[in-house]
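Now for the letters of each chain:
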Amino acid sequence: MLIAVSVRRERERARLSLTELAKRARIAKSTLSQLEAGLGNPSVETLWALAVALGVPVSRLVDPPRSSVRVIRAGDGPVTHSEQADYAATLLATCPPNARRDLYRVVAQPGAPRASEPHTPGTTEHVVLATGRALVGPIEAPVELAPGDYITYPGDAPHIFEALAPDTSAILISEHI
(Lines give C-alpha, C1' and ligand atoms only; values in the text may rest on other atoms or scores of the structure.)
Protein backbone atom coordinates (compact mmCIF):
# COMPACT_ATOMS: atom_id res chain seq x y z
CA MET A 1 0.00 0.00 0.00
CA LEU A 2 2.98 2.33 0.60
CA ILE A 3 3.88 2.25 -3.10
CA ALA A 4 0.27 2.94 -4.10
CA VAL A 5 0.10 6.02 -1.88
CA SER A 6 3.55 7.22 -3.00
CA VAL A 7 2.86 6.85 -6.72
CA ARG A 8 -0.44 8.71 -6.45
CA ARG A 9 1.17 11.44 -4.29
CA GLU A 10 4.00 11.97 -6.80
CA ARG A 11 1.65 11.83 -9.81
CA GLU A 12 -0.58 14.46 -8.26
CA ARG A 13 2.44 16.56 -7.24
CA ALA A 14 3.57 16.48 -10.89
CA ARG A 15 -0.01 17.35 -11.95
CA LEU A 16 -0.19 14.37 -14.32
CA SER A 17 -3.26 12.37 -15.19
CA LEU A 18 -3.20 8.60 -14.90
CA THR A 19 -3.17 8.43 -18.71
CA GLU A 20 -0.28 10.88 -19.09
CA LEU A 21 1.92 9.20 -16.46
CA ALA A 22 1.28 5.75 -17.97
CA LYS A 23 2.21 7.12 -21.40
CA ARG A 24 5.42 8.76 -20.12
CA ALA A 25 6.43 5.64 -18.18
CA ARG A 26 5.51 3.38 -21.13
CA ILE A 27 3.30 1.17 -19.00
CA ALA A 28 -0.34 0.24 -19.43
CA LYS A 29 -2.83 2.63 -17.87
CA SER A 30 -4.54 -0.40 -16.30
CA THR A 31 -1.24 -1.40 -14.65
CA LEU A 32 -0.82 2.08 -13.20
CA SER A 33 -4.44 2.16 -12.05
CA GLN A 34 -4.03 -1.20 -10.28
CA LEU A 35 -0.77 -0.05 -8.73
CA GLU A 36 -2.40 3.10 -7.33
CA ALA A 37 -5.24 0.95 -6.02
CA GLY A 38 -2.72 -1.10 -4.03
CA LEU A 39 -3.10 -4.19 -6.23
CA GLY A 40 -0.15 -6.10 -7.64
CA ASN A 41 3.56 -6.07 -6.92
CA PRO A 42 5.44 -3.77 -9.31
CA SER A 43 8.77 -4.89 -10.76
CA VAL A 44 11.92 -2.83 -10.39
CA GLU A 45 11.57 -1.96 -14.10
CA THR A 46 8.09 -0.53 -13.53
CA LEU A 47 9.23 1.45 -10.50
CA TRP A 48 12.23 2.90 -12.37
CA ALA A 49 10.03 3.81 -15.35
CA LEU A 50 7.59 5.60 -13.06
CA ALA A 51 10.38 7.37 -11.18
CA VAL A 52 11.96 8.60 -14.42
CA ALA A 53 8.57 9.75 -15.76
CA LEU A 54 7.89 11.58 -12.49
CA GLY A 55 11.42 13.01 -12.23
CA VAL A 56 12.01 11.56 -8.76
CA PRO A 57 14.37 8.95 -7.31
CA VAL A 58 12.75 5.50 -7.10
CA SER A 59 13.22 5.64 -3.33
CA ARG A 60 10.49 8.29 -3.14
CA LEU A 61 8.08 5.59 -4.34
CA VAL A 62 9.14 2.75 -2.01
CA ASP A 63 10.68 4.19 1.16
CA PRO A 64 8.45 4.01 4.25
CA PRO A 65 8.48 6.77 6.89
CA ARG A 66 11.16 6.10 9.50
CA SER A 67 12.54 7.17 12.86
CA SER A 68 15.96 8.78 13.35
CA VAL A 69 17.58 5.38 14.12
CA ARG A 70 17.06 2.67 11.55
CA VAL A 71 18.39 -0.88 11.41
CA ILE A 72 17.61 -3.15 8.47
CA ARG A 73 18.53 -6.75 9.11
CA ALA A 74 19.77 -8.93 6.24
CA GLY A 75 16.71 -10.20 4.40
CA ASP A 76 14.47 -7.32 5.55
CA GLY A 77 13.60 -4.00 3.94
CA PRO A 78 11.54 -2.99 0.91
CA VAL A 79 12.57 -5.32 -1.94
CA THR A 80 11.82 -4.94 -5.64
CA HIS A 81 12.47 -7.75 -8.09
CA SER A 82 13.42 -7.68 -11.76
CA GLU A 83 11.20 -9.19 -14.43
CA GLN A 84 14.30 -9.71 -16.61
CA ALA A 85 16.75 -11.42 -14.27
CA ASP A 86 17.14 -13.15 -10.91
CA TYR A 87 17.91 -9.77 -9.30
CA ALA A 88 16.51 -8.13 -6.18
CA ALA A 89 17.27 -4.62 -4.90
CA THR A 90 16.58 -3.74 -1.26
CA LEU A 91 16.36 -0.05 -0.48
CA LEU A 92 18.58 0.58 2.56
CA ALA A 93 18.55 4.37 2.81
CA THR A 94 17.28 7.44 1.06
CA CYS A 95 18.39 11.01 1.29
CA PRO A 96 16.47 13.58 3.25
CA PRO A 97 15.08 16.53 1.29
CA ASN A 98 17.76 18.46 -0.62
CA ALA A 99 20.20 15.52 -0.43
CA ARG A 100 20.85 13.40 -3.48
CA ARG A 101 21.55 9.67 -2.97
CA ASP A 102 19.82 6.37 -2.37
CA LEU A 103 21.50 3.22 -1.03
CA TYR A 104 20.57 -0.35 -2.01
CA ARG A 105 21.72 -3.88 -1.23
CA VAL A 106 21.57 -5.95 -4.42
CA VAL A 107 21.45 -9.76 -4.54
CA ALA A 108 21.58 -11.47 -7.93
CA GLN A 109 21.98 -14.94 -9.41
CA PRO A 110 23.65 -16.00 -12.66
CA GLY A 111 21.37 -16.04 -15.67
CA ALA A 112 19.72 -13.17 -17.48
CA PRO A 113 21.44 -9.83 -16.79
CA ARG A 114 19.61 -6.88 -15.24
CA ALA A 115 19.75 -4.29 -18.03
CA SER A 116 18.62 -0.84 -16.88
CA GLU A 117 17.22 1.92 -19.01
CA PRO A 118 18.63 5.40 -18.31
CA HIS A 119 17.47 6.95 -15.03
CA THR A 120 16.78 10.65 -14.55
CA PRO A 121 19.38 12.98 -16.12
CA GLY A 122 22.43 13.53 -13.92
CA THR A 123 22.18 10.18 -12.12
CA THR A 124 25.48 8.47 -11.27
CA GLU A 125 25.65 4.96 -9.84
CA HIS A 126 28.35 3.63 -7.50
CA VAL A 127 28.69 -0.12 -6.87
CA VAL A 128 30.86 -2.01 -4.38
CA LEU A 129 30.76 -5.76 -4.92
CA ALA A 130 30.45 -7.64 -1.62
CA THR A 131 30.30 -11.30 -2.71
CA GLY A 132 30.52 -13.31 -5.92
CA ARG A 133 31.48 -11.87 -9.31
CA ALA A 134 29.56 -9.61 -11.67
CA LEU A 135 29.70 -7.62 -14.88
CA VAL A 136 28.66 -4.08 -13.98
CA GLY A 137 28.57 -0.71 -15.74
CA PRO A 138 27.70 0.81 -19.10
CA ILE A 139 25.86 -1.69 -21.25
CA GLU A 140 28.41 -1.37 -24.06
CA ALA A 141 31.46 -1.85 -21.78
CA PRO A 142 30.66 -3.52 -18.43
CA VAL A 143 33.54 -4.35 -16.09
CA GLU A 144 34.00 -7.65 -14.26
CA LEU A 145 34.09 -7.05 -10.51
CA ALA A 146 35.30 -9.25 -7.65
CA PRO A 147 34.54 -8.79 -3.93
CA GLY A 148 35.72 -5.39 -2.70
CA ASP A 149 35.91 -3.87 -6.20
CA TYR A 150 34.24 -0.50 -6.80
CA ILE A 151 32.86 1.04 -10.00
CA THR A 152 31.07 4.28 -10.78
CA TYR A 153 29.28 4.99 -14.06
CA PRO A 154 26.55 7.19 -15.54
CA GLY A 155 23.15 5.95 -14.38
CA ASP A 156 21.48 8.19 -16.96
CA ALA A 157 22.74 5.93 -19.76
CA PRO A 158 21.87 2.25 -20.34
CA HIS A 159 23.72 0.02 -17.85
CA ILE A 160 23.88 -3.57 -16.67
CA PHE A 161 24.36 -5.79 -13.62
CA GLU A 162 25.03 -9.43 -14.47
CA ALA A 163 25.82 -11.93 -11.72
CA LEU A 164 28.55 -14.39 -12.71
CA ALA A 165 28.47 -16.42 -9.48
CA PRO A 166 25.65 -17.64 -7.21
CA ASP A 167 24.47 -15.27 -4.47
CA THR A 168 26.39 -12.29 -5.85
CA SER A 169 25.75 -9.26 -3.67
CA ALA A 170 26.66 -5.60 -3.88
CA ILE A 171 25.96 -2.20 -2.38
CA LEU A 172 24.62 0.25 -4.97
CA ILE A 173 24.45 3.99 -4.38
CA SER A 174 22.33 5.96 -6.82
CA GLU A 175 23.38 9.61 -6.76
CA HIS A 176 20.99 12.21 -8.17
CA ILE A 177 21.83 15.71 -9.31
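Nothing here was measured: the structure is a model prediction, and the numbers come from that model.

**Section: the packing of helix α1 (residues 2-13) against helix α3 (residues 29-36)**
And step 1. Viewed as axis vectors pointing N to C, α1 and α3 meet at an angle of 115 degrees, and their least axial separation amounts to 7 Å. From α1, Ile 3, Ala 4, Val 7, Arg 8 and Arg 11 reach across to α3, where they touch Leu 32, Leu 35 and Glu 36.
And step 2. A per-class count over the contact of α1 with α3 returns five nonpolar, no polar and three charged.

**Quick look at the packing of aromatic side chains**
And step 1. Considering all chains together, one arrives at one aromatic pair under this definition.
And step 2. Note on Tyr 87 and Phe 161: the rings are 5.7 Å apart at their centroids and 70 degrees apart in plane angle, and the pair reads as edge-to-face. Of this pair, Tyr 87 sits in strand β2 (residues 87-93) while Phe 161 sits in strand β9 (residues 159-163), and the two are 74 residues apart along the sequence.
And step 3. Of the residues examined, Tyr 87 reaches a relative accessible area of 9% and is grouped as buried.

**Points about the sheet that holds β2**
And step 1. Spatially, β1-β2-β3-β10-β5-β8 is the arrangement adopted by the six strands of the open sheet, whose pairing is antiparallel. The sheet is open, and its two borders are formed by β1 (79-81) and β8 (150-154), each paired with just one other strand. Averaged over all adjacent pairs, the angle separating strand axes in this sheet is 25 degrees, with direction ignored.
And step 2. As paired elements, β2 and strand β3 (residues 101-108) share six bridges and run antiparallel to each other. Across the sheet, Ala 89 pairs through a bridge with Val 106, a residue of β3.
And step 3. On the sheet, helix α4 (residues 44-54) packs against β1, β3 and β10 (168-175) and is oriented at approximately 105 degrees with respect to β1.

**Looking at the pattern of salt bridges**
And step 1. Taken as a whole, this structure holds eight salt bridges when the rule is applied.
And step 2. Linking Arg 8 and Glu 36 is a salt bridge whose minimum nitrogen-to-oxygen distance equals 3.3 Å. Pair noted here: Arg 8 is in helix α1 and Glu 36 is in helix α3, with a separation of 28 residues, a long-range link.
And step 3. By relative accessible area, Arg 8 is classed as partly exposed at 37%.
And step 4. Taken together, the salt bridges that share partners define one network made up of Arg 9, Glu 10, Arg 13 and Arg 60.

**A closer look at the environment of Gly 77**
And step 1. Note that Gly 77 resides in the loop between α5 (59-62) and β1.
And step 2. Looking at Gly 77, the relative accessible area reads 36%, which means it is partly exposed.
And step 3. Separated by 57 residues in the primary sequence, Gly 77 and Ala 134 place their C-alpha atoms 23 Å from one another.

**With respect to the pairing of β3**
Each regular strand shows side chains that alternate between the opposite faces of the sheet.
And step 1. Burial of β3 is one-sided: the residues Asp 102, Tyr 104, Val 106 and Ala 108 facing one way are buried, the residues Arg 101, Leu 103, Arg 105 and Val 107 facing the other way are not.
And step 2. Relative to β10, β3 runs antiparallel, the two being bridged by eight bridges. Bridge pairing links Arg 105 to Ile 171 in β10.

**Observations regarding the pairing of β9**
And step 1. Among the five residues in β9, four count as buried, and that is most of the element.
And step 2. Two elements, strand β4 (residues 114-116) and β9, share three bridges in a ladder whose sense is antiparallel. Considered in β9, the bridge of Arg 114 is made with Phe 161.
And step 3. Pairing of strand β6 (residues 134-138) with β9 involves five bridges; the strand directions are antiparallel. Opposite Leu 135, over in β9, you have Glu 162 as the bridge partner.

**As for the packing of helix α2 (residues 18-25) against α4**
And step 1. It is the contact of α2 with α4, at a shortest axis distance of 8 Å, that shows an interaxial angle of 110 degrees. The pairing of α2 with α4 is recorded here as roughly perpendicular in orientation. As α2 packs across α4, the resulting crossing turns out to be right-handed. Side by side, α2 and α4 meet where Leu 21, Arg 24 and Ala 25 of the first sit next to Ala 49, Leu 50, Ala 53 and Leu 54 of the second.
And step 2. Looking at side-chain class alone, the contact of α2 with α4 contains six nonpolar, no polar and one charged residues.

Cut-offs applied
- Residues numbered from 1 in each chain as written.
- Predicted model: local features only at pLDDT ≥ 70, side-chain atom pairs only at ≥ 80, totals over all residues.
- Heavy atoms only, no water.
- Axes fitted to C-alpha atoms, helices over the stretch in contact; angles between N-to-C directions.
- Helix = DSSP H or I, 4+ residues; strand = E, 2+ residues; numbered from the N terminus.
- Contact = heavy atoms within 4.5 Å.
- Nonpolar A, V, L, I, M, F, W, Y, C, P; charged D, E, K, R; others polar.
- Phe/Tyr/Trp six-rings, centres within 6.5 Å; stacked < 30°, edge-to-face > 60°.
- Buried < 20%, exposed > 50% of the residue type's maximum accessible area, 1.4 Å probe, protein only.
- Pairing = 2+ DSSP bridges.
- Salt bridge = Lys/Arg side-chain N within 4 Å of Asp/Glu carboxyl O.
- Parallel < 35°, antiparallel > 145°, perpendicular 65-115°, else oblique.
- Left-handed = near helix turned anticlockwise from the far one by under 90°.

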